Each structure stands twice: as C-alpha cells, then as structure tokens.
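If you want the building blocks of each chain, they are given just below.
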Amino acid sequence: MMRAMRLSRTVKMLVCWLAILVVSRAQTPSTPSRWAPPAAELAGQIADLLGPGPAQLTIRNLSTIQASEIPAIRKLLEQDLKAHGVLGGGTESANVIRVTLSENVHERLWVAEIIEGSETRVAMVHVNAASASPSVATERVLLRREPILTSTGPVLAALETSSGLVVLEPERIVIYSHAADGFREQQRINIDTIRQLARDPRGALLGYAGGARFEAWIPGVQCSGMNSSASGNATWNIQCRASDDPWAVTQPPLELTNFGGHSSQEDVHVMPVQAFYNSARNYFTGVLAQSAGPDLRPFYSLAGISRLGNQAALLVGGIDGKMQMVENGALRPVAGTRDWGSDFAVIHSECGTGEQVIASSSGEATTDSLRAFEFPALEAVPVSTSLTVDGNVTAMWTAPDSKSAFAVVHTAANQYEVDRVTALCN
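Since we're looking at a predicted model, the values are computed, not measured. (Residues numbered from 1 in each chain as written. Predicted model: local features only at pLDDT ≥ 70, side-chain atom pairs only at ≥ 80, totals over all residues. Heavy atoms only, no water.)

**Section: the layout of surface pockets**
For the record, the criterion: Whether a set of points on the 1 Å grid over the protein atoms alone is a cavity depends on a 1.4 Å probe fitting there but being unable to get out, while an open set qualifies as a pocket with protein on both sides within 12 Å along at least five of seven lines; lining residues are those with an atom within 4 Å of a point. Grid points are joined across faces, edges and corners, and a volume is the space filled by probe spheres set on the points. Helical segments are the DSSP runs of H or I of at least four residues, strand segments are the runs of E of at least two, and each set is numbered from the N terminus. Any residue outside Ala, Val, Leu, Ile, Met, Phe, Trp, Tyr, Cys, Pro, Asp, Glu, Lys and Arg is labelled polar, Gly included; the first ten of those are nonpolar and the last four are charged.
If you add up the space inside the largest pocket, you get close to 830 Å³. Forming the boundary of the largest pocket are 39 residues, of which Arg 202, Asp 343, Thr 394, Ala 395 and Met 396 lie nearest the centre. For the lining of the largest pocket, the elements supplying multiple residues, two or more each, are β12 (204-207), β16 (247-248), β19 (299-306), β23 (340-348), β24 (355-361) and β28 (391-398). The element best represented in the lining of the largest pocket is β28, accounting for six residues. A class-by-class count of the residues in the lining of the largest pocket yields 21 nonpolar, 13 polar and five charged.

**Here's the deal with the nonpolar core**
Buried together is how nonpolar side chains tend to be arranged in soluble globular proteins. Stated precisely, the cut-off is as follows: Throughout this description, the term nonpolar core refers to a set of buried Ala, Val, Leu, Ile, Met, Phe, Trp, Tyr and Cys residues connected via side-chain atoms within 4.5 Å. Under the scheme applied here, a residue whose accessible area is under 20% of the maximum for its type counts as buried, over 50% as exposed, and between as partly exposed, the area being computed with a 1.4 Å probe on protein chains only. Working rule for contacts: check all heavy atoms of both residues, and any pair within 4.5 Å makes them a contact.
Formed by 25 residues in total, the largest nonpolar core has its most connected members in Leu 42, Ile 46, Ile 73, Ile 97, Val 99, Trp 110 and Ala 112. Contributing elements (two or more residues each) for this core: α2 (36-50), α3 (70-83), β4 (96-103), β5 (108-116) and β6 (119-127). For this core, the leading source of residues is α2, giving six residues. Those residues in contact with Ile 97 that lie beyond four places of it in its chain are Ile 46, Leu 50, Ala 55, Gln 56, Leu 57, Thr 58, Leu 81, Val 86, Ala 112 and Glu 113.

**Here we look at the state of the cysteines**
We apply this condition: Two cysteine sulfur atoms form a disulfide, by the criterion used here, when they sit within 2.5 Å.
On inspection of all chains with the given rule, the structure shows two disulfides. Paired through a disulfide, Cys 223 and Cys 240 show a sulfur-sulfur distance of 2.0 Å. On the S-S bond that ties Cys 223 to Cys 240, the torsion sits near 110°, and the link is right-handed. With a gap of 17 residues between them, Cys 223 in strand β14 (residues 221-226) and Cys 240 in strand β15 (residues 237-242) connect regions that are remote in the sequence. The buried category is assigned to Cys 223, whose relative accessible area is 2%. Residue classification places Cys 240 among the partly exposed residues on the basis of a relative accessible area of 34%.

**What to know about the packing of α2 against α3**
We count it as follows: Lines fitted to the C-alpha atoms define the axes, with helices restricted to the stretch that makes contact. Angles between their N-to-C directions range from 0 to 180 degrees. Angles are sorted into four bins: roughly parallel if under 35 degrees, roughly antiparallel if over 145, roughly perpendicular if 65 to 115, and oblique for all others. Note on convention: near helix rotated counterclockwise from far helix by under a right angle means a left-handed crossing. Clockwise means right-handed.
The geometry of α2 relative to α3 is characterised by a closest axis approach of 9 Å and an angle of 45° between their N-to-C directions. The angle between α2 and α3 places the two elements in the oblique class. Regarding α2 and α3, the two cross each other, and that crossing is right-handed. Across the interface between the two elements, Ala 36, Ala 39, Ala 40, Leu 42, Ala 43 and Ile 46 from α2 touch Leu 76, Leu 77, Asp 80 and Leu 81 from α3. Classifying every residue of the contact of α2 with α3 gives nine nonpolar, no polar and one charged.

Written out as structure tokens, the structure reads:
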C-alpha cells in the first residue's frame with residue numbers, strides 16, 4: 001500500500017513538472033527569425049509615412065526567398081505594423097501597402113509602396129546583402145541577338161519599315177530595301193549639318209504607325225521622310241532643316257505610344273515626350289517640352305514604362321550614371337542599376353510581367369553586354385543572364401512593334417553592327 005502511494009505521488013509530481021515545462025516553453029520567446037529585423041525596420045518606415053489606421057497589405061515575392069517563408073514574413077510585418085497602430089488586415093481600407101521582396105546581383109531589397117488616394121510614397125529596406133545573389137530560378141528571360149546590318153560608318157539609329165530599313169548616320173540618311181542576302185542600299189540623302197558634331201553624337205529616328213513616315217533628329221537638324229507607295233519601294237521624299245526644337249524621345253511609333261499596352265486590348269494615344277538636346281555635347285539638357293513635374297538633370301536616355309495599375313512612369317538615365325524614375329509627379333532614385341550603361345530600351349513580351357527593360361552594361365569591360373530587367377518597385381531586378389556582344393553598345397531603341405529592341409554595336413573590327421534583340425521565355 002505504501003509503495004502504491006509513493007508511486008502515485010511520484011506520478012503526480014511528474015505530471016505537474018511536465019505541465020510546468022510545457023507552459024514555460026510556450027512562454028519563452030522562440031529564436032528570432034532572420035526576417036524579423038528587416039520586417040521591423042520596414043514596418044517602422046511605413047508607419048511613419050502612413051500613420052495609425054487600417055490598410056490593405058499585399059506581398060509580392062520576386063526574390064529567391066522560398067514561397068514557404070512568405071507567410072512568416074507577412075505575419076512579422078502585420079505584428080510590427082500593429083505595434084505602430086497600423087492594422088494590415090484592413091481589406092476594405094482605401095489605404096494600400098504593397099510590399100515587394102526583390103533582389104539584384106548585389107543585395108536584397110524590400111520595397112513598400114504606400115498608397116493613400118492618388119499619392120504614393122515609398123519605404124525601402126536593404127536585406128542580408130551577403131546572400132543576395134539571385135538563383136537560376138529568377139532568370140525567366142533568355143535574350144537572343146540577331147545581326148541584321150553591318151556598316152563601315154557610324155550608325156546613330158535605324159527604323160524598320162515594311163520594305164526595309166531607314167538608317168540615320170551623322171551626315172546622311174540611307175534607305176535600304178529587302179534583298180535575297182539581307183538589305184540593299186536604295187537611296188542616300190546627305191544632311192547639311194550647321195555645326196561641328198560632338199565626338200560621340202546621338203540621333204533619334206522614330207516612325208509613325210502606318211510605316212510610311214518618319215522623323216529624324218541629329219544635333220541642330222530635324223528631318224522628315226514620307227513614302228507614298230503602299231509597298232514602300234518608291235523613292236522616299238526626305239526634307240531636312242536647321243532646328244533647335246526638342247527631340248521626341250519616347251519609344252516609337254510617334255502617334256501611338258502605349259505605356260502598359262501589353263495588358264490592354266486598346267491602343268492608348270498620347271503625345272510623345274520631347275526633350276531639348278545639347279548640340280554642343282552628346283546628351284539632353286534635362287528640359288522637357290512638356291512638364292514631367294520635377295526638374296530633370298541632364299540625361300542620355302529616357303523611356304516610358306508601365307507601373308502597378310498600368311500607371312505610366314518615365315525611366316531616366318542621367319549623365320552621372322544614376323537611374324531615376326518619374327512617377328506621380330515625383331522623381332525617385334532607382335536601385336539595382338549600378339552596372340548599367342547609358343543605353344536601354346523597353347520591350348513587351350510574353351515573359352514575366354510582360355514588360356522588360358534591356359540595358360547595356362557599364363562599359364568597364366573590353367566588350368559590353370545586354371541584360372533584361374523588370375521593375376516590380378523602385379529597383380531593377382535582373383530576369384536574364386548577360387548576353388555578351390562583340391564590341392561596345394553605342395545606341396539602343398525599341399522596335400516599332402515594341403516586341404524587340406535594336407542595338408548598335410561598334411565592333412572590334414571597327415564596324416557598326418545593327419542587331420535585333422528579342423526575349424524568349426526561359
């Protein structure tokens with residue numbers, strides 16, 4: 001009997017001890033998640049911009065973070081936001097918090113877009129730079145390059161038409177027609193320049209949707225071309241005049257610039273963005289014919305891209321090597337573009353988000369390369385491997401159909417090659 005009583009007392013003590021252990025473990029904080037510090041920092045920035053109240057919280061993962069970890073990151077953000085008075089579960093709130101988890105070759109970046117009515121503000125946190133290299137899974141696009149024309153002289157721009165190519169050179173416009181072995185020169189028009197051109201002059205050559213008209217610009221001169229033949233084989237009527245008027249710098253065609261058209265069945269007609277060119281140099285002054293809102297610094301390249309909700313934005317490549325984005329009347333820096341050169345073009349494809357920016361490399365190597373990027377937020381996220389070219393990229397622009405881009409490469413053989421660059425889904 002005494003043994004049974006001692007055993008019963010022992011069992012009760014053991015049960016009691018186990019209960020205390022369970023409660024103690026439940027109350028002891030677990031090992032902090034590696035995502036806790038960036039989540040807390042980002043939540044603090046969001047709260048400073050938004051203030052207390054409900055908001056819709058969405059998370060988009062474009063990084064190599066495993067999908068299984070996203071619920072934990074969301075929970076951390078919701079907890080930290082709640083601690084600041086922001087209720088991230090407000091599904092019917094007019095305030096929206098869009099968080100994008102992204103990365104480039106150098107770092108991870110978490111970006112939150114805080115939307116209150118028509119106003120959008122941005123919070124940004126750098127995360128775990130040591131493990132930021134994207135995996136092969138992020139390479140959703142494969143770039144392909146196809147040489148279509150080789151010239152012994154500099155090529156500033158080219159325009160593909162139904163019958164061939166219009167090529168802009170520093171002192172002439174050359175018309176090429178289709179031939180069995182490529183292209184055959186059909187017509188050559190000299191341009192009387194009114195001033196000495198810079199060492200590396202730029203040019204612009206944009207067409208109209210019908211394919212029978214174009215506008216061309218070189219420093220101090222503007223040219224207009226027209227072809228009355230439906231087949232495009234007749235002689236082009238080209239007129240040039242001295243001009244310091246602004247150049248049209250949006251992607252072609254001139255009267256049918258459609259930002260975000262890859263997700264819409266309707267054409268959106270807008271006026272092209274026009275910028276004043278510094279004829280004594282080789283860049284644009286930063287002054288636009290139409291106000292973009294903020295003042296721009298001098299730049300080499302500018303293109304329209306679509307943003308969340310198909311809102312239009314301008315991507316601007318400054319002469320200081322820094323990329324910026326004009327969105328909702330505000331000018332913001334863009335991350336992930338440290339290795340970009342001065343030339344880029346926007347294409348619409350069936351890959352990824354449907355829109356990619358193809359950018360040249362910074363030119364620090366002997367030969368340049370091309371790479372495709374997407375912009376889920378204020379950061380360029382690489383979605384392809386680098387495509388090496390045999391030389392240096394001197395110009396890039398979007399093709400009239402917006403599905404491919406053209407690049408001029410100054411080759412090691414001192415020739416100028418016009419390449420067509422397309423994106424294939426990987």
